[in-house]
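Inside the fold
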Amino acid sequence: MTTVRRTLGVPSFFCPLPDAVYDKPDEIDAGAVAWMFRQGFRKEGDWLPKMKAGSYTAHCMPYVLDRCAEIITYVMYWGGAWDDDLDVIPGLDQPAPLTVHVSRLKHILASPKSVVPPGDPYLSSFQDFWNHISTVSTPGQIEHLRQGFCSYFDGVLWKCANQSLGELPELGDYLIMRGNDVAGPWLTALTPIGGGYELTAAERLDPRVRAASEAVSVIVGLDNDLISIHRENLQGLFDQNAISIMVRDRQCTPEEAVAEVRALRDRIMSLYLRLRDEVSATAGPELRRYVHEIGYWIRGHIIWADFTTRYCAPVDPETGEEQNYGGYGLVWAGEPADADPAPLPIPQIAWWWDQLEG
């Protein structure tokens, strides 16, 4: 393992949520790793199990039920492996073959008992996960999750198209793409499944709830951009990052762009907190839980990213050697970097602020 320095510092994070963590991370991690090996998309001795996806589940879903925790961790490993392999499996870095592959995954969501084409462990393992999660979910929860995965796949295709065209997207488009590509829609949809409660369709489709859910997804995406800069540089993917967009738009240095991205995410974080509190004031117990618990995808990701090998010791794709960057040095911020309550001048997300009272 080669020890190297991070090229850009990671800022402190404004995330005023209480500490909470599920108490069996190692147990669910072991079960999920064994599942991954059985499914065949990774083998013993591979780097991926070191990322400790069980700890990710534990920090992001502190109130998850025992019967759901391991199954949910299955898809955390599946998603990590699939995301990594999109850049190395021949053809899947191009929009046309990736669209075929994603369409097959979407077909599993619609027809989970259908026969999948042989020879692709990502299809067969995704089908196995989907059948497992269906056993602990209601039809309404599964529909919410299905829609979440469809939005995620759309974000992945959008990112691939940008890369194929050599285009760096406009900031507003990037935020929508990134909120989907970072898996936010299906992560938030897992929250009520893991917690053992269900939102009604009216609650889930409430514009205030949709705004809060989308805001959480975008915050996680921006936080990941700030944390994973070195990993993306290593893998040649830095162009699809909020920091590179800020460098272009503000004509500033990368260090200045980090401060700009931090201020942007803090504005959105402040909005999420306001939406959460306003919805909670009149919500029933299930919706109240949901708008509070989705915030742990933000906090849990920040904590996990400070020790997981996925970001602390990523693999150089050319040499196959782990690059030891170490933890980024998590520091919590007591106040937002930008506390302006006004809507951001970004048309794609400005409607979120319209959902606030008054």
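Our structure's up above, just so we're on the same page.
Let us look at the structure shown here. As the structure is a computational prediction, the values presented were derived from the model and not from experiment.

Before going further, it helps to examine unusual backbone geometry. The phi dihedral of Lys52 is positive, around 60°, even though this residue is not glycine. With respect to the helices and strands, the residue Lys52 is situated in the loop between helix H1 (25-39) and helix H2 (53-60). For Lys52, a relative accessible area of 41% puts it in the partly exposed group. Backbone geometry places Gln251, a non-glycine residue, at a positive phi of 55°.

Among the nonpolar cores identified, the biggest contains 117 residues, and Trp82, Ile133, Phe149 and Ile268 are the most heavily contacted of them. Sequence-distant contacts of Ile268, that is, excluding residues within four places in its chain, are made with Ala215, Val218, Ile219, Leu222, Leu344, Ile349, Trp352 and Trp353.

Attention now goes to the packing of H2 against helix H15 (residues 296-305). Interaxial distance between H2 and H15 falls to 7 Å at its minimum, and their mutual angle equals 140°. The orientation of H2 relative to H15 falls into the category oblique. Between H2 and H15 lies a crossing whose hand is right-handed. Across the interface between the two elements, Ser55, Tyr56, His59 and Cys60 of H2 pack against Tyr296, Trp297, Gly300, His301, Ile303 and Trp304 of H15. In terms of residue class, the contact of H2 with H15 is made up of six nonpolar, four polar and no charged.

Once that is clear, we can look at the pattern of salt bridges. Evaluated as defined, the whole model comprises 21 salt bridges. When the shortest N-O distance is used, the salt bridge between Asp338 and Arg267 registers 3.2 Å. Placement of the pair is Asp338 in the loop between strand E4 (332-333) and helix H17 (351-354) and Arg267 in helix H13 (residues 254-282), with a sequence separation of 71 residues. Residue Asp338 is classed as partly exposed on the basis of its relative accessible area of 23%.

By definition, a disulfide links the sulfur atoms of two cysteine residues through a covalent bond. This structure, assessed with the given rule, holds zero disulfides. No disulfide involves Cys68; its sulfur sits 16 Å from that of Cys60, the nearest cysteine. No disulfide involves Cys160; its sulfur sits 18 Å from the nearest other cysteine sulfur, which is in Cys150. The exposure class of Cys160 is buried, given its relative accessible area of 4%.

This part covers the environment of Ala161. Mapped onto the secondary structure, Ala161 falls in helix H6 (residues 139-165). As for Ala161 and Ala96, which are separated by 65 residues in sequence, their C-alpha atoms are 9.2 Å apart.

This part takes up the packing of H6 against helix H7 (residues 171-181). Running from amino to carboxyl end, H6 crosses H7 at an angle of 125°, the nearest separation of the two axes being 7 Å. As summarised for this structure, H6 and H7 are arranged oblique, according to the angle between their axes. Considering only the axes of H6 and H7, their crossing is left-handed. Here Ser151, Tyr152, Gly155, Val156, Trp158, Lys159 and Asn162 of H6 lie close against H7, whose contacting residues are Asp173, Ile176, Met177, Asn180 and Asp181. Looking at the contact of H6 with H7, its residues break down into five nonpolar, four polar and three charged.

Rules and cut-offs
- Per chain, the residues get numbers from 1 upward, laid out in the order the sequence is written.
- Predicted model: local features are reported for residues with pLDDT of at least 70 only, side-chain atom pairs are reported and counted for 80 or more only, and whole-chain, interface and lining totals are derived from all residues.
- The side-chain numbers reported here are obtained from all heavy atoms of the structure, hydrogens and water having been left aside.
- For helices the rule is a DSSP run of H or I covering at least 4 residues; for strands it is a run of E covering at least 2, with both sets numbered from the N terminus onward.
- For every residue, the accessible area obtained with a 1.4 Å probe (protein chains only) is divided by the maximum for its type, and the residue is called buried under 20%, exposed over 50%, and partly exposed between those limits.
- Only buried residues count toward a nonpolar core, which is a set of Ala, Val, Leu, Ile, Met, Phe, Trp, Tyr and Cys residues joined through side-chain atoms within 4.5 Å.
- Note on contacts: a residue pair is in contact if any heavy atoms of the two residues lie within 4.5 Å.
- Between N-to-C directions, angles cover 0 to 180 degrees, with each direction set by a line fitted to C-alpha atoms, over the stretch in contact for helices.
- The scheme is simple: roughly parallel for angles under 35 degrees, roughly antiparallel for over 145, roughly perpendicular for 65 to 115, oblique for anything else.
- By the definition used in this description, the sense in which the near helix is turned from the far one sets the handedness, with an anticlockwise turn below a right angle giving left-handed and a clockwise turn giving right-handed.
- Side-chain classes are defined by residue name, with Ala, Val, Leu, Ile, Met, Phe, Trp, Tyr, Cys and Pro counting as nonpolar, Asp, Glu, Lys and Arg as charged, and the others, Gly among them, as polar.
- Whenever Lys or Arg places a side-chain nitrogen within 4 Å of a carboxyl oxygen from Asp or Glu, that contact is recorded as a salt bridge.
- A pair of sulfur atoms, both from cysteines and within 2.5 Å, is called a disulfide here.

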